[in-house]
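# Residue-level structural notes
Read off the chains here:
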Amino acid sequence: MSDDMSVTPQHKIGSGFGRDSTAAAVIAGIDLHGKTAMVTGGYSGLGLETVRALASAGAVVVVPARRPEHAREVLAEAGVPSGAAAGGVSVASLDLADQSSVKEFAEDFLGSADSGGADGGVRSLDILVNNAAIMASPERRVGPGWESQFATNHLGHFALTNLLWPALVAGSGARVVSLSSTGHKLSPIRFDDINFDTGYDKWRAYGQAKTANSLFAVQLDRLGRDFGVRAFAVHPGGIMTELQRHLPREEMIAAGWMDETGKVDARFKTPAQGAATSVWAATSAALDGMGGVYCEDCDIADPTEVGSPEARIRGVDAHAVDPADAARLWALSAELTGINAFGG
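In this text, all values refer to a predicted model and were calculated from it rather than measured experimentally. (Residues numbered from 1 in each chain as written. Predicted model: local features only at pLDDT ≥ 70, side-chain atom pairs only at ≥ 80, totals over all residues. Heavy atoms only, no water.)

### Structural notes on the sheet that holds strand 4 (residues 127-130)
Two modes of strand pairing occur in sheets, parallel and antiparallel, and in both the strands are linked by backbone hydrogen bonds. Sheet architecture is open: eight strands sit in the order 3-2-1-4-7-8-9-10, paired in mixed fashion. Two strands close off the open sheet at either side, each with one partner strand: strand 3 (89-93) and strand 10 (299-300). The sheet contact formed by strand 1 (residues 36-39) and strand 4 spans three bridges and is parallel. Within the sheet, the bridge partner assigned to Val39 lies in strand 4 and is Val129. The strands touched by helix 3 (residues 45-56) are strand 1, strand 2 (60-65), strand 3 and strand 4; relative to strand 1, the strand with the most contacts, the crossing angle is about 175°. (Pairing = 2+ DSSP bridges. Helix = DSSP H or I, 4+ residues; strand = E, 2+ residues; numbered from the N terminus. Contact = heavy atoms within 4.5 Å. Axes fitted to C-alpha atoms, helices over the stretch in contact; angles between N-to-C directions.)

Here it is as structure tokens:
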């Protein structure tokens, strides 16, 4: 394989969709019957809309949830059908901040009763959307002292994806979607102090985690494309969801996200619009043969125009798609978790 020939350019391709497209619009006409999808955090905000779209196209959708009973209640209230049939959604317990929980979930999925088939093969997974996240949370340590945003948003999904690798390879041209954001612009990977041991900053910690989500897609795509598995990083856009639960109202007003009456700024998308880029990256035929790129507004993003008025809110910064940093982060993540589907 020649890396040079298989690297997808980080530039718009003219998808025909845009900022205001909805998840329903981008999946219209796509048939996912016979496919299995998984969406972490698929019971609130963007995740719920992503699940709704994938199920509407006929996929069987698995929703790993830290609070499974709550997730089932939310999905039922949203009118999303439950069950293992086409268009149905099932919920299973998973805490991304707990590596033992991730291992238990993956083992259960791979060994589930409906796995394989007549040939006894591995249960397949065609779409994995690593959507769940925490943002700008108070300082918290998990596991062996890991900073919680990096541990939950990145290391949890890193372990999950690697443990589910046999199912992804068994899928038919599987895709992995990693939810990043413009938050990546707040910090590169702090390889010399990845756990903020020298002083915690909630926004830099979030920025590092979102950079990690993007770099994860870069390296996973490089490692996985020979197996038919492609990966994409996605910025969904600004959306008011439960992701903001750790932010005081005053901070959101000061940032211009809402006015003093609580009216959300017009720059923000609806959850249905926010989920569109994830759904597009997971299903669009326009991306066949591509991968390892950062997407926004239902298209591959252009590189950030450094110094421009929109540099903070548009495009992808070089540090979030740097192949050397992606490989370095993968090696570090494998060392920290003790998990690596590709050995070494």
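### Some thoughts on the nonpolar core
Membership of the largest hydrophobic core comes to 40 residues, with the highest contact counts inside it found for Val51, Leu54, Val61, Val63, Leu75 and Val89. Apart from the residues within four sequence positions on either side, Val63 is in contact with Val39, Gly42, Tyr43, Val51, Leu75, Val89, Ser90, Val91 and Ala92. Residues Phe105, Leu125, Val176 and Ala233 belong to the second largest nonpolar core, which totals 34 residues. (Core = buried A, V, L, I, M, F, W, Y, C linked by side-chain atoms within 4.5 Å. Buried < 20%, exposed > 50% of the residue type's maximum accessible area, 1.4 Å probe, protein only.)

### As for helix 6 (residues 148-163)
Along its length, helix 6 shows its largest kink, about 30°, at Leu155. Where helix 6 begins, the side chain of Glu147 points an oxygen toward the backbone nitrogen of Gln149, at a separation of 2.8 Å. (Bend = angle between axes of the 7 residues up to and from the residue. Polar contact = N/O pair within 3.5 Å; in protein donor to acceptor, adjacent residues only side chain to side chain.)

### What about the packing of helix 6 against helix 12 (residues 323-337)?
Relative to each other, helix 6 and helix 12 sit at 85°, their axes nearing to 10 Å. One element, helix 6, and the other, helix 12, form an angle in the roughly perpendicular class. For the pair helix 6 and helix 12, contact is made by Phe150, His154, Leu155, Phe158 and Asn162 and by Leu329, Trp330, Ser333, Ala334, Leu336 and Thr337, respectively. (Parallel < 35°, antiparallel > 145°, perpendicular 65-115°, else oblique.)

### Concerning the pattern of salt bridges
Enumeration over the complete set of coordinates arrives at 13 salt bridges. Note that Glu49 is salt-bridged to Arg52, the shortest N-O span being 3.4 Å. With Glu49 and Arg52 both in helix 3, this residue pair falls three residues apart, about one helical turn. A salt bridge links Lys269 to Asp297; the nearest nitrogen and oxygen atoms lie 2.8 Å apart. With Lys269 in the loop between helix 9 (249-254) and helix 10 (271-274) and Asp297 in the loop between strand 9 (293-296) and strand 10, the pair connects residues that are 28 residues apart, well separated along the chain. Classification of Asp297 by relative accessible area gives buried; the value is 19%. What you see here is one network of salt bridges that share partners, running through Lys269, Asp297, Glu310 and Arg314. (Salt bridge = Lys/Arg side-chain N within 4 Å of Asp/Glu carboxyl O.)

### Topic: the environment of Gly111
Assignment of secondary structure puts Gly111 in the loop between helix 5 (99-110) and strand 4. Assessed through its relative accessible area of 59%, Gly111 is described here as exposed. Along the chain, Gly111 and Val122 lie 11 residues apart, while their C-alpha atoms are 8.2 Å from each other.

### Let's talk about helix 8 (residues 202-224)
Here helix 8 contains 23 residues, and its C-alpha end-to-end distance of 32 Å stays within 8% of the 33 Å for a straight helix at 1.5 Å per residue. Burial of helix 8 is extensive: 19 of the 23 residues sit out of reach of the surface. Residue Asp201 occupies the N-cap position of helix 8, its side-chain oxygen lying 3.0 Å from the main-chain nitrogen of Trp203. (Expected span 1.5 Å × (residues − 1).)

### Things to note about the packing of aromatic side chains
Here the structure, examined in full by the defined rule, presents nine aromatic pairs. Geometrically, the ring pair formed by Phe196 and Tyr200 is edge-to-face, given 6.1 Å between the ring centres and 75° between the ring planes. The exposure class of Phe196 is buried, given its relative accessible area of 1%. Cluster of aromatic residues (ring-pair linked, three or more members): Phe158, Trp165, Phe216, Phe227, Trp330 and Phe342. The ring of Phe196 has Arg190 lying over it, and the distance from NZ or CZ to the ring centre is 3.8 Å. (Phe/Tyr/Trp six-rings, centres within 6.5 Å; stacked < 30°, edge-to-face > 60°. Lys NZ or Arg CZ within 6 Å of the ring centre and 35° of its normal.)

### A word on the pairing of strand 9
Here strand 9 shows a buried face lined by Val293 and Cys295 and a second buried face lined by Tyr294 and Glu296. Here strand 9 runs beside strand 10; their pairing, made up of two bridges, is antiparallel. Residue pairing in the sheet places Cys295 in a bridge with Ile300 of strand 10. Remark: two residues form the turn of the hairpin made by strand 9 and strand 10, two consecutive strands paired antiparallel; Asp297 in that turn has positive phi of roughly 50°.

### Remarks on unusual backbone geometry
Of note, the phi angle at Phe196 is positive, near 55°, even though the residue is not glycine. Despite not being glycine, Asp297 has its phi angle at roughly 50°, a positive value.

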